[in-house]
Amino acid sequence: MGSVMAVVVGALFAASVYMMLRRSIVKLVIGLILLSNAANLLIFTVSGLTRGAPPLIPEGMTVPPGGAWADPLPQALILTAIVIGFGVLAFAVVLIHRAYEVVGEDDMDQMRSTDS
Amino acid sequence: MSTAVALPVLIPLIAGSLSLVFYKSHAVQRWVGVIGTGALFLATVALLAKTWTDGIQVMEFGSWPAPFGIVLVADLLSATMTLMAGMMGFALAVYSLPSMSRDHEAFGYYPLMHLLLAGVCGAFLTGDIFNLYVWIEVLLVASFALLILGGERGQMEGAVKYVTLNLFSSMMLLVGVGLTYGLTGTLNMADLAVKLPQVEEQGLVTVVGMLFLVSFAIKAAAFPLFFWLPASYHTPPIAVTALFAALLTKVGVYALFRFFSLMFDNDVGYTHELLLWIGGFTMVTGVLGAAAYYEIRRILAFHIISQIGYMIVGLALFTPLALAGGIIYIVHNIIAKTNLFLIGGVIYMLRGSYDLKQIGGLWKTRPMLGVLFLLSALALAGIPPLSGFLGKYVIIRAGIEVESWGIVAAALAVGLMTLYSMVKIWAEAFWKAQPEEHAERAAAFERAIDKKNLTLMMLPVIVLALLPAAIGIGAQPVIEIARVAADQLLDSTAYVEAVLGVTP
C-alpha cells in the first residue's frame, strides 16, 4: 500500500509543478491546489499506513487494548494543514480573480510590469 | 512554566481582535495600534531580560509536557528576535499614524499588522516544527492581505508571484515536517535534537534538512530563490514595505539558524558548505541588482537580499564567533534597513516620488533628514563606529579565523558596493538640485505638508537612526548577548534540558 501511495504522491507533485509552470494563472491555482493535497497525502503515507484500533485508553488501563493502534497525530496534522490550505487557497483564488480584473489578462507573461 | 513567553504572541492577537471589534472606528484602531505594539515592545524587553538572567524560558500549551504538547521556548536568540519584532512593530505603528492613507486604513491595515506581528513572534518563539509551519502561515496570510492593500495593478502582479512562491515554500516546509515525523516520530525541536542523530540513515536526515533549507531560503530571499522579493516589495504602502523588510525575511533567517544549529548539524561539511556558497552569492547578486536601479524602494529591496547573505554566512561558518556575528548583523540590519525605508517614505512625502531622477535638493531644505539618512546608510554600509561595522567586523574576523578567504573578500567587496548604492541615493536625493521639470510637483508636495504629521513621522526615524550609533559605540553588551546566544545555539544541552527536563 505504501508504495502505491508513494507513486500517487509523486504523480500529484509532478502534476502540480507542471500546472504551476503554465502561463495561465488559472492553471497556476490548480497547481497550488494539487500541491497542498500532495503534501497532505505525503504526511499521511510517510507516518505509516496502519489499520488499527483507535488509540483510546479505557479507564483503569495504561495502553489502548489490542496489538496495533493507529497513530492519531498525522491525522491531526493533516486536518490542520487542510484547514490552513483551504483558507490560503480561498485567498489565492480571490487574488487571481482580482488580478485578472485589474490586468485584463490571465497570462503570467503579461504580468511583468513590476519586474524591471 | 513561564507566561512571559506567551505574552509576545498574546498581546498582538488581543490587540488585533480589539481592532476588529472597532473595525469602523479608525481613531480607536490607531490608539489600539500604538498601545498594543507599545505593550508588545515592553513584553519583549521583559522577556529578553528574563531570558538573560534566568536562562531559557519554556511554556507548555495546556500544560501538556514536552515532547507531547506544543511548547513555546525563548532562548536568547528567540528573545532577541522578538525584541526586534516588538521594537519595529511599535516604531511602525507610530509611523503609520500620519503616513497610512484613510483608504488603506479602511481595508483593515491595523488588524492585519497585529496579526502579522503575532505570527512573527509565534514563529520566533515556538519549539515545535509543525507549530512553526502554522505561525508562518499566519504571518503569510497577513502579509498577503497587506501586500495588496489598495489593490493597484502593480500590487496584484507582485502579489501573484509573492503568494505562489511563498505557498510553494510553505508546502516544502510541510513536506519536511511530515518526513521528519516519519523518520523520528516527534515534532518537538528539543526532542528532534536528541533523536535525529540516532536515526540510522543519516543520509535521509540530510535530505530532509535540504527540504527545510530550500523552504527557508525562499522565505529568507536567499540566492537563487529571491526573485519574488524585488518583484513585490516596492508595491505596497511604504509602512507595509518597511514592516516586511524588518521582519518577514528575518523569519526565514531565524528558522535557518534554528534548524541548522539545533537539529540538522549532522553533516556540517555538506550543509554548511552549501550555506556558505548560498550566502556568498546572495550578498553579491543582491548588491549588484541594487546598482542597476534608480528607485529608492527597489534599491533598498535589493539590499535586503544582499544583507541576508551576511547573516547566512554567519551561520554557515558555524563557529561561535561567526554565529555571534550573524546575530549582531540581524539586529543591526533590522534597525538600519527599516529606517532607510521609513526615510524613503518621508522623502516621498516631501517630493512626491521615489524615483531618484525626479527628486533632489533635500539637503538644502531638510539638512536634518540628510544627517539621519547618512547615519542609517553608513551603518548599513558598515562604516565605523556604527553598528554595521561591528557586525561585518565580527563575521569577517570569523571568516579569517577559519581561513575562508573567498567569503572574506566577497564580504568586503559587497560592503564597498553597498556604500556605492547609499552614496547614489545621497547624491541624487539630497545633494543635487531639484530637477526643473519636476519642480512643480515637489513644490506642491512641500506646500501640502502638515507640520504635525511630519514631526510624528520623524519621531521613529530619529530614534532608529540613533540606535545603530548607540549599538556601535556601546558594543559590549550587544556582543555579550550575541556570544551567549551563539553558545546556546552551538551547544544544545541547555535547550534540551530546559524543554524536556532531562539531560541528554
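In what follows, the structure referred to is the one given above.
A quick note: this is a predicted structure, and the numbers were derived from the prediction, not measured.

Undergrad: For this particular structure, what's the right way to read the environment of M5 of chain A?
TA: Residues and elements named next belong to chain A. Looking at where M5 falls in the secondary structure, it is placed in helix α1 (residues 2-20). Separated by 40 residues in sequence, M5 and T45 place their C-alpha atoms 6.6 Å apart. Setting aside chain neighbours within four positions, we find M5 in contact with L41, F44, T45 and L49.

Undergrad: How should the pattern of salt bridges be read in this particular structure?
TA: For side chains bearing opposite charge, pairing can occur when the charged atoms are close. Summed over the entire model, instances satisfying the criterion amount to 14 salt bridges over all chains. Between E105 of chain B and R102 of chain B there is a salt bridge, with the nearest N and O atoms lying 3.3 Å from each other. Of this pair, E105 of chain B and R102 of chain B both sit in helix α4 (residues 102-106), three residues apart, which is roughly one turn of that helix. The exposure class assigned to E105 of chain B is buried, which follows from its relative accessible area of 1%. Judged by its relative accessible area of 47%, R102 of chain B falls in the partly exposed class. The network of salt bridges with common partners includes R23, D107 and D109 of chain A.

Undergrad: Just to check I follow, could you spell out the interface of chain A and chain B for this structure?
TA: Interfaces are often described in size by the accessible area the parts lose on coming together. In this assembly, 36 residues from chain A lie in contact with 36 residues from chain B. Where chain A packs against chain B, one counts zero salt bridges. Inspection of the region where chain A meets chain B yields two residue pairs in polar contact (both at pLDDT 80 or more). For the side of chain A that touches chain B, the element with the highest residue contribution is helix α3 (residues 72-103) of chain A, accounting for 14 residues. Across the side of chain A that touches chain B, the residue classes tally to 24 nonpolar, eight polar and four charged.

Calculation notes
Residues numbered from 1 in each chain as written. Chains lettered and ligands numbered in written order. Predicted model: local features only at pLDDT ≥ 70, side-chain atom pairs only at ≥ 80, totals over all residues. Heavy atoms only, no water. Helix = DSSP H or I, 4+ residues; strand = E, 2+ residues; numbered from the N terminus. Contact = heavy atoms within 4.5 Å. Salt bridge = Lys/Arg side-chain N within 4 Å of Asp/Glu carboxyl O. Buried < 20%, exposed > 50% of the residue type's maximum accessible area, 1.4 Å probe, protein only. Polar contact = N/O pair within 3.5 Å; in protein donor to acceptor, adjacent residues only side chain to side chain. Nonpolar A, V, L, I, M, F, W, Y, C, P; charged D, E, K, R; others polar.

Limitation: the analysis is restricted to geometry and does not speak to function.
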